[in-house]
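Chain by chain, the residues run as shown.
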Amino acid sequence: MFPYKTSLHINRKSKEPLFLQLTNQFIHLIKEGKIPSGTKLIGTRSLAELLQVHRKTIVACYEELAMQGWLETIPKKGTFVPENLPLLKSEDYKGNKVSDNIDQIGFSYYKSNLPGKTIEKEEGWLYVNDGVSDGRLTPTEDLAKIYRRISARKNITKHLGYISTQGNEQLRSVLANYLNETRGLTISKDHILITRGSQMGIWLSAQLLLKEEDIIVVGETNYASADITFLHQGAKVLRVPVDENGIDTVALEKICESQQIKGVYVTSHHHHPTTVTLSAERRICLLNLAKKHSFAIIEDDYDYDFNYNHAPILPLASHDVHHNVIYIGSVCKTVAPVFRVGYLIADKEFVNEASQVRGFVDRQGDALQELTFAEFIKSGDLDRHIRKVLKVYEKRRDLFCNLLKEELSEFFSFNKPKGGMAVWLTLNKKYTWNQVSDIAKKYKLAIGNVSRYDMAKTNHNAIRMGFATFNEEELYELIKRMKFTMKDLVNQEKSV
Ligand SMILES: Cc1ncc(COP(=O)(O)O)c(C=O)c1O
């Protein structure tokens, strides 16, 4: 007889019901062929006695096994493992045990070779970022209250099912008004697709604009994730220089004269990564070129709300009389990256198409979160939040730039940014950022992947350093750790 007593184990401390513990063990034994097809199982009463459990437990176990197809009961004969049940082979053809290592994948797939983005953060470290809001200032309580209020509404059920891929209608209406008032747009809700953030807007634009070998133009320095998105789509990425007035539109014109381009990607308000603003003259040139050469402008307005010296400059989209601009933004920088609520704004037809495509990568957005943001914006809470954090971030920018200048100017040069949440910091060419990054680890300072700022390999020796996340004390600490790092680097160079 099969050694039931030694093969089946009962854990009375486990939360898993006894009958399920036994069921799972039986399945395992059958799958492995230890209880082969055709075996007649011991009766429920005898097994209950052997295992010292109630007979009802065994009956429930056998019923569960029968329901799942692992057992069959033949009247007046007994309970059997069905004939011809295939074995789950754990041995190869020579009888060798095959690895059951769960990390060893059993099929082939196409690797994207995309760079990784996850960071496991450790206590005590300072993590340099490229311009992210401070979570401590995020109005989570206010948002939670709105969310709770909305969720308690009687008619909420209509928002809980499968809904439009274009996003919640109420949010689209509120956003249309808000963006018309604050950014000089002239749109309706039908021009808006609610995305899960700007990155989704960039990805969808790439899907609709670019096929293999299509050309997209970007700045020589550019937001790496946009570059990677376009390259991954198979597009050819051509680059134009970027100076203190943004991307060089004369260089762009030259490209347009010799070949058809499909699009230009710009971060017009504050160029990513260098933080400069696209000048008025170049804005007009870019719009005229787009009209003349029939290409799309993907305008990624990722940090429109953060200006310290002047009122925000209206986006290209506000002057887009010929409908060339795909305007992208989100609350992820303004409120917090965790709230995946963004928008893609364009002609209705393009928005419809983008909504269709979106449905195949993300069936729909989170309607409750979208309704929450509709209220947050409509009530004026978003504007109040922006006004509050702007003052804080301005102070942090000033402190960070002063400290850099006072304490580290022999190593770094930079222009104080007029807006945004980061400084574009150029390192003296005697050193490399990789060296800095390596030594900084000793002082629990994580600089991150510096190569992402130089996808074009121009060796500009600069990276973005976000200041907004750090309070005053942390900024002093950051500078202190940078100083230790640079001191070590200098000593290291001397000793070579
Ligand atoms: C220039 C730029 N565009 C887009 C994004 C992505 O933003 P989101 O979090 O809204 O997807 C970022 C995020 O860092 C960014 O810096």
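Rules of the game
Residues numbered from 1 in each chain as written. Predicted model: local features only at pLDDT ≥ 70, side-chain atom pairs only at ≥ 80, totals over all residues. Heavy atoms only, no water. Buried < 20%, exposed > 50% of the residue type's maximum accessible area, 1.4 Å probe, protein only. Helix = DSSP H or I, 4+ residues; strand = E, 2+ residues; numbered from the N terminus. Pairing = 2+ DSSP bridges. Near = heavy atom within 4 Å. Polar contact = N/O pair within 3.5 Å; in protein donor to acceptor, adjacent residues only side chain to side chain. Areas by Shrake-Rupley, 256 points an atom, 1.4 Å probe, with all protein chains shown as cover. Nonpolar A, V, L, I, M, F, W, Y, C, P; charged D, E, K, R; others polar. Domains from an automatic or database assignment. Axes fitted to C-alpha atoms, helices over the stretch in contact; angles between N-to-C directions. Parallel < 35°, antiparallel > 145°, perpendicular 65-115°, else oblique. Left-handed = near helix turned anticlockwise from the far one by under 90°. Contact = heavy atoms within 4.5 Å.

Draft legend 1. Quick look at the pairing of strand S4 (residues 192-195). Of the two faces of S4, the one lined by Ile 192 and Ile 194 and the one lined by Leu 193 and Thr 195 are each fully buried. Here S4 pairs with strand S12 (residues 342-345) via 4 bridges, running antiparallel. Bridging from a neighbouring strand, Thr 195 pairs with Gly 342 of S12.

Draft legend 2. Representation of the site of the ligand within the structure. Not every one of the 13 residues close to the ligand is listed here, only the nearest: Ser 198, Asp 300, Ser 330, Lys 333 and Arg 340. One of the side-chain nitrogen or oxygen atoms of Asp 300 is found 2.5 Å away from a nitrogen atom of the ligand. In the environment of the ligand, an oxygen atom lies 2.8 Å from a nitrogen or oxygen atom belonging to the side chain of Arg 340. Summarising the interface, the protein chains cover 91% of the accessible area of the ligand, which totals 400 Å² for the free molecule. Class assignment for the residues of the shell around the ligand results in 4 nonpolar, 6 polar and 3 charged.

Draft legend 3. Representation of the domain arrangement of the protein chain. Splitting the protein chain by domain gives domain 1 (4-80), domain 2 (126-135 + 384-495) and domain 3 (139-380). Put simply, the middle of domain 1 and the middle of domain 2, counted by C-alpha atoms, are 63 Å apart.

Draft legend 4. Summary view of the packing of helix H13 (residues 381-408) against helix H15 (residues 472-495). Running from N to C, H13 and H15 cross one another at 25 degrees; their axes reach a closest spacing of 10 Å. When the axis of H13 is compared with that of H15, the two are roughly parallel. Judged by the sense of rotation from one axis to the other, the crossing of H13 with H15 is right-handed. Side by side, H13 and H15 meet where Arg 396, Leu 399, Phe 400, Leu 403, Leu 404, Glu 407 and Leu 408 of the first sit next to Glu 472, Leu 475, Tyr 476, Leu 478, Ile 479, Met 482, Lys 483 and Met 486 of the second. For the contact of H13 with H15, the per-class residue count stands at 11 nonpolar, no polar and 4 charged.

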